[in-house]
Amino acid sequence: MPGPAGGDFLEEEAGSTCLPTEQRWAQHEPFCPWLLGERCRRRVPGRGAVAGLAGGRPGQEGAAGEAMQEAITITEQPVSISVPVGYSFTLRCRAKGSTLLQYQWFCQHQSDCHQIPGATNPDLPIIAEQTQLYTCRVNDLYRNAVFSDWVKVEVHQCVARGLPPRLWRGEPVIILNPMEQRVEVGKPLQLQCAAMGVPAPCYQWYRNGNLLEQHKRKKLWITHAKVSDSGTYLCCASNSHGEHWTNAVDVHVGTCVSEKFFATGKIALLVGNNHYQHHPNLMAPVKDVFELSRLLEQLGFQVVSLLDLNKAEMATAVSQFLQLLEKGVYAIFYYAGHGYEHLGRNYMVPVDAPQPYSPENCISVQRILQKMQQQQTALNIILLDTCRKWYNPGRALSQVQPLEPWGNTVYGYATSEDAEAYELQDGEFSSGIFMKYLKKHILKEKKVTHMLEDVLEDIGRDPLVTGKQVMEIKHTLKEARSLTDPICPSGAGAERWGHSHEPLSRTLTFPCGARAELRFLRLFSNLMSVCAKLQAPPAHVTATRLLLCQPPEMEAVAMQRESRLDHVETLLASVYKREELDCVFQLCGLQKIQHPGQTSHPRITVCLLATSFLICSLGLHSSLCWLEGWEGRSTQATAGNAAASQCCSTEC
């Protein structure tokens, strides 16, 4: 009875050589104790029939055996399978011969081979419990015997929930994907995958889309990696029912791998809701969002920071944020504003939410995180600077699927469950307690969870919130990834996110010879300040001042400096420390005037006044894009109408 190759039972040791079938047969002698006196000849290649002697000693050959060389032919071989524990199936063996045939099944686990009692039929029903090898012996009345191929029944003890699918027909199902690798030159490289299937799948590895002829096993093993082995790897598992591909993973082989972890990009979306229509206004989110955006930019993040969004605007911002996430990206979502939690689910309250609000009026944080995971990001961080109390127990929760156990998610809650988050008056500004300490630690080169633990400890020592607010951290982060990890770009998508120019300026010349400098200062992605400074006018132009006229389409959202001084104005003064400006106004809520496919742009009018008379005016067309940065272009308009031109020439 020919024995199986040792490597056929369990997955071969990394780097072992897979011998051709004929060599493996030749190297293995019978091993079942009760078959030591029986030597069955192996299948003769090309003939399909096997004969042998039963009951004799090795080397003995009876006349009946010699006369019946073609007595038994196996017409259906059993097949190897790969299934979850508890799976029921049947191994089949069929043969034909000139007399009545008898069947007997054998199995082997590790080195223990034994006859299966009562397994004397062509079909062998099995309930998968452990990985084993099986073969079937077929005898005729002339004492000829032949053994089927050895087959492996691979049993997977731990399979993700929902696998295999309910109506599974045996097509390959990937249960283990390869992992990204960074390897030094000369060191071993190993990638591994696994799939279920009936029959058991065959494997084929690819690098950069090219077939790797020598790599046809679950494990890809390269003893001494070379720089040329770098690339994107994936494996195809296939059987008679179809094929399925693993996730693609990047392998980096270099002379020195000093950085263990890296990001292919860093993208952040920050939302702060301050001014509510039906709820108390907040003060801290303005400064907190602003300061966090500046810190994340220092860490290499492409940041979009937004203030005062209604539900539709929040959904749009989140949608565009998710579209730009891709494999290997570090993604941060931060929210400051009203919110609540119930039964482990968190909701953000838009500025237009009614009183009382319900889940359908709010944005689910868990749904955002689910979609972040689907983009195969390397690190997902959710920072919620919001209360976690639930004030509306009569409302049903939204349906949210459980998160996948991918080990790359970090939750940072400003406060514990069923507690409130507090604001702190800090000089001219209000700041959240959470942000007060987060900004002290976020730039440190530490694992993200360790950095947040430092924040938690600082909050715990603050006497102002002792017994009122305690930060909470939840995570599944299995790798020591840090916000300071380097970036190795692999795509250009992130370049469109949060891309902003240096503060732009334009110098305008009026027909009368006066000149004015216009500056555009961006504090938030959907809020911009327009500032004007009159340069030294010609000697014949005296007692003049500038007036900025807002675009008509922004009348509902623009805030005149003369009528409203708030934290945004104070932030502007603290960040852009410039000489006194003649005129400033803010363009806020830019998301309300930016629509898909929009081709026209708001027009800002700059007027030069002498006392109460208009000397002349210039128009500036501006392209204001709230999510893709800001881009401006100026065109000199005619100096008002005919009357204005006359007035200008008269004054001049």
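Keep in mind the model is a prediction, meaning the values are calculated, not measured.

Secondary structure summary: the protein chain contains 10 helices and 40 strands in total. Split into buried and exposed, the 652 residues of the protein chain put 50% on the buried side. The long-range share in the protein chain, meaning contacts at least 24 apart out of those at least 6 apart in sequence, stands at 69%.

A separate point is the nonpolar core. With 44 residues, the main nonpolar core has Leu-296, Phe-301, Tyr-334, Phe-434, Leu-438, Ile-442 and Leu-483 as its most contacted residues. Elements that contribute at least two residues to this core include exactly β21 (265-272), α4 (284-298), β22 (302-307), β23 (329-336), β27 (379-385), α7 (433-441), α8 (448-460) and β33 (515-524). Sort the elements by how many residues they give to this core and α4 lands first, with 6 residues. When residues of this core are assigned to domains, at least three map to each of domain 3 (265-392 + 405-475) and domain 4 (500-592 + 603-613 + 645-651). Counting 37 residues, the second largest nonpolar core, distinct from the first, contains Leu-282, Leu-322, Met-348 and Val-365.

With their axes 9 Å apart at the nearest point, α7 and α8 run at an angle of 135° to one another. Of the possible angle classes, the one that applies to α7 and α8 is oblique. As for how α7 packs across α8, the hand of that crossing is right-handed. Residue-level inspection shows Ile-433, Phe-434, Tyr-437, Leu-438, Lys-440 and His-441 of α7 in contact with α8, the latter providing Met-451, Leu-452, Asp-454, Val-455, Asp-458 and Ile-459.

Moving on, we get to the packing of aromatic side chains. What describes a pair of aromatic rings is the distance from one ring centre to the other and the angle between the planes of the rings. By the definition in use, this model includes 9 aromatic pairs. Among the aromatic residues, those joined into a cluster by ring pairs are Tyr-87, Phe-89 and Trp-168. Positioned above the aromatic ring of Tyr-413, the side-chain terminus of Arg-388 is 3.7 Å from the ring centre.

Looking now at the state of the cysteines. Across all of its chains, the model carries 0 disulfides by this definition. The cysteine Cys-136 is free of any disulfide, with Cys-93 supplying the nearest cysteine sulfur at 4.1 Å. Overall, Cys-136 belongs to the buried group, its relative accessible area being 0%.

This part takes up the pairing of strand β34 (residues 527-534). Along β34, 7 of the 8 residues are buried, which leaves the element largely enclosed by surrounding structure. As defined by bridge partners, β33 adjoins β34 across 8 bridges and the pair is classed as antiparallel. Residue pairing in the sheet places Leu-521 in a bridge with Ser-529 of β34. The loop that links β33 with its antiparallel partner β34 comprises 2 residues.

In this section: the confidence of the model for the protein chain. Averaged over the protein chain, the pLDDT score is 76; the fraction of residues at 70 or greater is 69%. Low pLDDT, under 50, characterises residues 6-69; the predicted model gives this stretch 124 contacts beyond four residues in sequence or across chains. The low-confidence segment residues 558-565, where pLDDT is below 50, has 15 contacts with residues more than four positions distant or belonging to other chains.

With that settled, the discussion passes to the pairing of strand β19 (residues 242-245). When strand β18 (residues 231-239) meets β19, the two strands line up antiparallel, connected through 4 bridges. Opposite Ser-238, over in β19, you have Glu-243 as the bridge partner.

Its 15 residues place the ends of α4 22 Å apart at the C-alpha level, agreeing with the 21 Å of an ideal helix rising 1.5 Å per residue. The element α4 is extensively covered by neighbouring structure, given that 12 of its 15 residues are classed as buried. The set of residues buried in α4 consists of Ala-284, Pro-285, Val-286, Lys-287, Asp-288, Val-289, Phe-290, Glu-291, Leu-292, Ser-293, Leu-295 and Leu-296. Positive phi appears at Gly-300, one or two residues downstream of α4, with a value of about 95°.

Below, the discussion takes up unusual backbone geometry. Looking along the chain, the bond that leaves Leu-163 and enters Pro-164 is cis, with omega of -10°. Mapped onto the elements of the fold, Pro-164 is located in the loop between β10 (151-156) and β11 (173-176). Between Val-198 and Pro-199 the backbone carries a cis peptide bond, its omega angle lying at 5°. By secondary structure assignment, the location of Pro-199 is in the loop between β14 (194-196) and β15 (202-207).

The strand order across the open sheet formed by 6 strands is β22-β21-β23-β27-β28-β31, and the pairing between neighbours is mixed. Because the sheet does not close on itself, it has two edges, and the strands there are β22 and β31 (472-475). Neighbour-to-neighbour, the strand axes of this sheet turn through a mean angle of 10°, independent of strand direction. Pairing geometry for β23 and β27, over 7 bridges, is parallel. What sits directly across from Phe-333, in β27, is Ile-382. Most of the contacts of α4 go to β21, to which it runs at about 170°, and overall it touches β21, β22, β23 and β27. α8 rests against β27, β28 (409-413) and β31 of the sheet, and its axis sits at about 165° to β31.

On to the environment of Tyr-422, then. Within the secondary structure, Tyr-422 sits in the loop between β28 and β29 (423-426). Taking the relative accessible area as the measure of exposure, Tyr-422 reaches 32% and is therefore partly exposed. Sequence spacing of Tyr-422 and Gly-432 is 10 residues, and the spatial spacing of their C-alpha atoms is 6.1 Å. Filtering out sequence-adjacent residues up to four positions away, Tyr-422 remains in contact with Gly-432, Ile-433, Val-465, Lys-468 and Gln-469.

Looking now at the sheet that holds strand β24 (residues 339-342). With respect to topology, 3 strands assemble into an open sheet ordered β24-β25-β26, the strand pairing being antiparallel. Only two strands of the sheet have a single neighbouring strand rather than two, namely β24 and β26 (363-364). Judged from the 2 bridges that link them, strand β25 (residues 345-348) and β26 form a sheet pairing that is antiparallel. What sits directly across from Met-348, in β26, is Ile-363.

Conventions adopted
Residues numbered from 1 in each chain as written. Predicted model: local features only at pLDDT ≥ 70, side-chain atom pairs only at ≥ 80, totals over all residues. Heavy atoms only, no water. Helix = DSSP H or I, 4+ residues; strand = E, 2+ residues; numbered from the N terminus. Buried < 20%, exposed > 50% of the residue type's maximum accessible area, 1.4 Å probe, protein only. Contact = heavy atoms within 4.5 Å. Core = buried A, V, L, I, M, F, W, Y, C linked by side-chain atoms within 4.5 Å. Domains from an automatic or database assignment. Axes fitted to C-alpha atoms, helices over the stretch in contact; angles between N-to-C directions. Parallel < 35°, antiparallel > 145°, perpendicular 65-115°, else oblique. Left-handed = near helix turned anticlockwise from the far one by under 90°. Phe/Tyr/Trp six-rings, centres within 6.5 Å; stacked < 30°, edge-to-face > 60°. Lys NZ or Arg CZ within 6 Å of the ring centre and 35° of its normal. Disulfide = S-S within 2.5 Å. Pairing = 2+ DSSP bridges. pLDDT = per-residue confidence, 0-100. Expected span 1.5 Å × (residues − 1).

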